[in-house]
Amino acid sequence: MAIFLLKRKRFVVSVLFLVTLFSWSIINKGEIQQIRFHTDKNGNLLDAPPYPPLTVFLFGSDKLGYDLGQMMIAGAKYTIGITLVVTILRMFLSIIVSAFIYPLKPRIYSVLKSTFEPFSVVPQTIIAFFILVSVLWMPIEGFQTPFWQRALFETIILVIIAIPNLTIQLSDEMRQVEKEPFIEAAKILGARRISIFFKHIVPHVYEKWILLFGQQFIQALQLLAHLGFMKLFFGGSYIAYGDSNDPPRSISYEWSGVIGDSISYIFSYQWIILVPIMFFVLTAISVALINDSVKAFFQNKEVNQAKR
């Protein structure tokens, strides 16, 4: 598998992009360069923030003169790390729950499936927003809970809202495999249910789990971006009450927070919001290309097995 994937340029480039960005973000101490006024050697004013891309900074700056490129690097560990944790927990918990659900009798399973259906109709963004707004939106007296508690609560919600649909999807695949003749043969020979699950069902569905992992990663990434547009930032949205007209600010440099914080500049200083969107898109494309490469490997594996 490793040799096949390493031969695909799209896989190698995508992995290098994600690993480099995430590692650089962890190594980086969070220091972001700021230039309040751009002057020449004689001290004459040349420009004031926000600076456009390819001038003072490669990706430009925000309204306070902070380097947007460094902000993206500083926020990568939060955006990619949070998304990765949420995806792992979604898959892990859904697999465990589906392992107990798939053997249920058809009538009970049908009722359970009908119960979970509303979660597939209502967008996850709407569900997450109404649950999280009271926790992440800073009240006038300030936050009464520490950052880590708000971040943990948001992570738990982002995981839980996806489990019903994901569990049913995984259970359906397991039930489909259970209908195969070799499963019935294993039951006749006296195989235990746990043995059937690990020796017969898992080998037939684990490839789909791997592909589903990439899909869930992209979905979680989109969910964070949507919440950012709704000005709900990871760990909390700082609100400047009083006479200030400043928009809600992100406590970290997580990308969705940078988007929500700068959305008012979309018609004047577009790069401030387009840069974090670009990083979101590049990350999603990288994961999609990795998923595509893995899918190509599984398809190639099936073709080789068929030839034998």
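Here, the structure is the one placed above.
What you see is a predicted model; the values in this text were computed from it and never measured.

Draft legend 1. Examining the overall build of the chain more closely. Of the regular secondary structure elements, the chain holds 12 helices and 4 strands. With the C-alpha coordinates of the chain rotated into their principal frame, the extents come out at 90 × 50 × 30 Å. Classification of the 308 residues of the chain by burial places 42% in the buried group. Surface exposure of the chain reaches about 17200 Å², of which carbon and sulfur atoms provide 65%. When the 27 positive and 20 negative side-chain charges of the chain are each reduced to one mean point, those points stand 12 Å apart.

Draft legend 2. Representation of the packing of aromatic side chains. Applying the stated criterion across every chain yields a total of 13 aromatic pairs. Centroid distance Trp-255 to Phe-280: 5.7 Å. Interplanar angle 80°. Geometry classified as edge-to-face. Here Trp-255, found in helix H11 (residues 255-262), pairs with Phe-280, found in helix H12 (residues 271-307); they are 25 residues apart in sequence, far enough to count as distant. By relative accessible area, Trp-255 is classed as buried at 0%.

Draft legend 3. The arrangement of the packing of helix H8 (residues 163-178) against helix H10 (residues 193-229) in detail. Contact pair H8 / H10: the axes reach a minimum separation of 10 Å and the direction vectors enclose 135°. When the interaxial angle is binned, H8 and H10 end up oblique. Crossing handedness for the pair H8 and H10: right-handed. Across the interface between the two elements, Leu-166, Gln-169, Leu-170, Glu-173, Met-174, Val-177 and Glu-178 from H8 touch Arg-193, Phe-197, His-200, Ile-201, His-204, Val-205, Lys-208, Trp-209, Leu-212 and Gln-216 from H10. Considering only residue class, the contact of H8 with H10 consists of 9 nonpolar, 4 polar and 4 charged.

Draft legend 4. Highlighting H8. Taking 1.5 Å as the rise per residue, H8 with 16 residues should run 22 Å; its terminal C-alpha atoms sit 22 Å apart, in good agreement. Counted residue by residue, H8 has 12 buried out of 16 residues, so it is predominantly covered. Buried within H8 are the following residues: Ile-163, Pro-164, Leu-166, Thr-167, Ile-168, Leu-170, Ser-171, Glu-173, Met-174, Arg-175, Val-177 and Glu-178.

Draft legend 5. Structural context of the nonpolar core. Ranked by size, the top nonpolar core spans 33 residues in total, and within it Leu-21, Met-72 and Trp-255 carry the most contacts. Mapped by element, the contributors of at least two residues to this core are helix H2 (9-27), helix H3 (68-101), H10, H11 and H12. What Trp-255 contacts, discounting residues up to four positions off in sequence, is Leu-21, Met-72, Gly-75, Ala-76, Thr-79, Ile-80, Pro-276, Phe-279, Phe-280 and Thr-283. By size, the runner-up hydrophobic cluster in this structure holds 19 residues, among which are Ile-82, Ile-127, Ile-163 and Phe-234.

Draft legend 6. Structural view of the side chain of Ser-61. Position of Ser-61 among the secondary structure elements: in the loop between strand S2 (45-47) and H3. Each residue touching Ser-61, except ones within four places of it in the same chain, is listed here: Pro-49, Pro-50, Tyr-51, Tyr-66, Leu-68, Trp-271 and Ile-272.

Draft legend 7. Quick peek at the side chain of Thr-125. With respect to the helices and strands, Thr-125 occurs in helix H6 (residues 124-136). The class for Thr-125 is buried, based on a relative accessible area of 13%. A distance of 3.1 Å separates the side chain of Thr-125 from the side chain of His-226, its partner in a polar contact.

Draft legend 8. Molecular detail of a nonpolar patch on the surface. Taken together, the side chains of Phe-147, Trp-148, Leu-152, Ile-156, Ile-160, Tyr-238 and Ile-251 define a hydrophobic patch exposed on the protein surface, amounting to about 660 Å² of accessible area. In terms of residues, the nonpolar patch owes the most to one element, helix H7 (residues 147-160), which gives 5 residues. Tracing the backbone through its elements, the reader meets Ile-251 in the loop between strand S4 (249-250) and H11. The exposure class of Ile-251 is partly exposed, given its relative accessible area of 42%.

Draft legend 9. Structural context of the pattern of salt bridges. What the rule picks out here adds up to 4 salt bridges. The shortest N-O distance in the salt bridge between Asp-292 and Arg-8 comes to 3.9 Å. Of the two residues, Asp-292 is situated in helix H12 and Arg-8 in the loop between helix H1 (2-6) and H2; the sequence distance between them amounts to 284 residues. Take Asp-292: its relative accessible area is 33%, and that puts it in the partly exposed class. The class of Arg-8 is partly exposed, set by a relative accessible area of 23%. Close ionic contact of Glu-178 with Arg-193 constitutes a salt bridge, the shortest N to O distance being 3.4 Å. Of this pair, Glu-178 sits in helix H8 while Arg-193 is found in helix H10, placing the two residues 15 residues apart along the sequence. Of the residues examined, Glu-178 reaches a relative accessible area of 18% and is grouped as buried.

The rules behind each value
Residues numbered from 1 in each chain as written. Predicted model: local features only at pLDDT ≥ 70, side-chain atom pairs only at ≥ 80, totals over all residues. Heavy atoms only, no water. Helix = DSSP H or I, 4+ residues; strand = E, 2+ residues; numbered from the N terminus. Buried < 20%, exposed > 50% of the residue type's maximum accessible area, 1.4 Å probe, protein only. Areas by Shrake-Rupley, 256 points an atom, 1.4 Å probe, with all protein chains shown as cover. Lys, Arg positive; Asp, Glu negative; His and termini not counted. Charge placed at Lys NZ, Arg CZ, Asp CG, Glu CD. Phe/Tyr/Trp six-rings, centres within 6.5 Å; stacked < 30°, edge-to-face > 60°. Axes fitted to C-alpha atoms, helices over the stretch in contact; angles between N-to-C directions. Parallel < 35°, antiparallel > 145°, perpendicular 65-115°, else oblique. Left-handed = near helix turned anticlockwise from the far one by under 90°. Contact = heavy atoms within 4.5 Å. Nonpolar A, V, L, I, M, F, W, Y, C, P; charged D, E, K, R; others polar. Expected span 1.5 Å × (residues − 1). Core = buried A, V, L, I, M, F, W, Y, C linked by side-chain atoms within 4.5 Å. Polar contact = N/O pair within 3.5 Å; in protein donor to acceptor, adjacent residues only side chain to side chain. Patch = residues over 30% accessible without salt bridge, like charges linked within 9 Å, V, L, I, M, F, W, Y side chains within 5 Å. Salt bridge = Lys/Arg side-chain N within 4 Å of Asp/Glu carboxyl O.

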